[in-house]
Amino acid sequence: MVRRGRGHSDAQGADYSLHTEIGDLRAWIDHLEQPVHLVGWSHGGTISLENAAQDARWISGYLRPCASSVR
C-alpha cells in the first residue's frame with residue numbers, strides 16, 4: 001500500500017493526519033477481507049502499529065524493522 005499523496009497515489013486533500021492514514025490502512029485491509037501481515041517502516045510503522053492496536057481483527061502478524069548499527 002502506498003501512503004496518501006506519496007509514490008503514484010494522488011494527493012487526496014490536505015489531511016495527512018495519523019488518524020486519516022490509519023483510516024486509509026483500515027479501509028484497504030477491510031477491502032481485502034482476509035488476514036494480513038503488516039510491515040511498517042518509519043511513519044508507516046507507526047500507522048501500522050496504531051491500526052493493529054485499535055482494530056486487530058484482520059491482523060495475523062506484525063513486523064516493524066529497525067535499522068541500527070552493530071559494531
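Notes on the structure in this doc start here. The residue count restarts for each chain, going from 1 along the sequence in the order it is written. Local features in this predicted model are restricted to residues whose pLDDT is 70 or higher, and side-chain atom pairs enter the listing and the counts only when it is 80 or higher, whereas totals over whole chains, interfaces and linings include all residues. The basis for every side-chain value is the complete set of heavy atoms in the structure, and neither hydrogens nor water enter the calculation.

1. Looking at the environment of Leu-63
Here a strand is any run of E in DSSP of at least two residues, a helix any run of H or I of at least four, and the numbering for each starts at the N terminus. Along the polypeptide, Leu-63 turns up in strand β2 (residues 59–63). It is 6.2 Å that separates the C-alpha atoms of Leu-63 and Leu-38, two residues lying 25 residues apart in sequence. Apart from residues no more than four positions distant in its own chain, Leu-63 is found in contact with Leu-38, Val-39 and Gly-40. Contact criterion: two residues are considered in contact whenever any of their non-hydrogen atoms come within 4.5 Å of each other.

2. Details of unusual backbone geometry
Backbone geometry follows two general trends: most residues other than glycine have a negative phi, and most peptide bonds adopt the trans configuration. Even without a glycine there, the phi angle at Glu-33 is positive, about 55 degrees. Tracing the backbone shows Glu-33 in the loop between α1 (18–32) and β1 (36–39). Positive phi outside glycine occurs at Ser-42, with the angle close to 60 degrees. By secondary structure assignment, the location of Ser-42 is in the loop between β1 and α2 (43–54).

3. Considering the pairing of β2
One requirement defines pairing of two strands: DSSP has to find at least two bridges between them. Where β1 and β2 come together, 4 bridges link them in parallel fashion. Within β2, the position partnered with Val-36 by the bridge is Ile-59. Crossover handedness for the path β1 to α2 to β2: right-handed. Here a crossover is taken to be right-handed if, once the strands point away from the viewer, the path from the first strand over the helix to the second is traced clockwise.

4. A few points about the packing of α1 against α2
In this analysis an axis means a line fitted to C-alpha atoms, helices contributing only their contacting stretch, and an angle means the value between N-to-C directions, from 0 to 180 degrees. The N-to-C vectors of α1 and α2 enclose an angle of 65 degrees; their axes lie 9 Å apart at closest approach. By the angle class used here, α1 and α2 are roughly perpendicular. Every pair of crossing elements has a handedness; the one defined by α1 and α2 is right-handed. Across from Leu-18, Glu-21, Ile-22, Leu-25, Arg-26 and Ile-29 in α1, the residues of α2 making contact are His-43, Thr-46, Ile-47, Ser-48, Glu-50, Asn-51 and Gln-54. Each residue is assigned to one class: nonpolar for Ala, Val, Leu, Ile, Met, Phe, Trp, Tyr, Cys and Pro, charged for Asp, Glu, Lys and Arg, and polar for all the others, Gly among them. Partitioned by chemical class, the residues of the contact of α1 with α2 number 5 nonpolar, 5 polar and 3 charged. Roughly parallel means an angle under 35 degrees; roughly antiparallel, over 145; roughly perpendicular, 65 to 115; everything else is oblique. Each helix crossing is assigned a hand: it is left-handed if the near helix lies turned anticlockwise from the far helix by less than a right angle, otherwise right-handed if that turn is clockwise.

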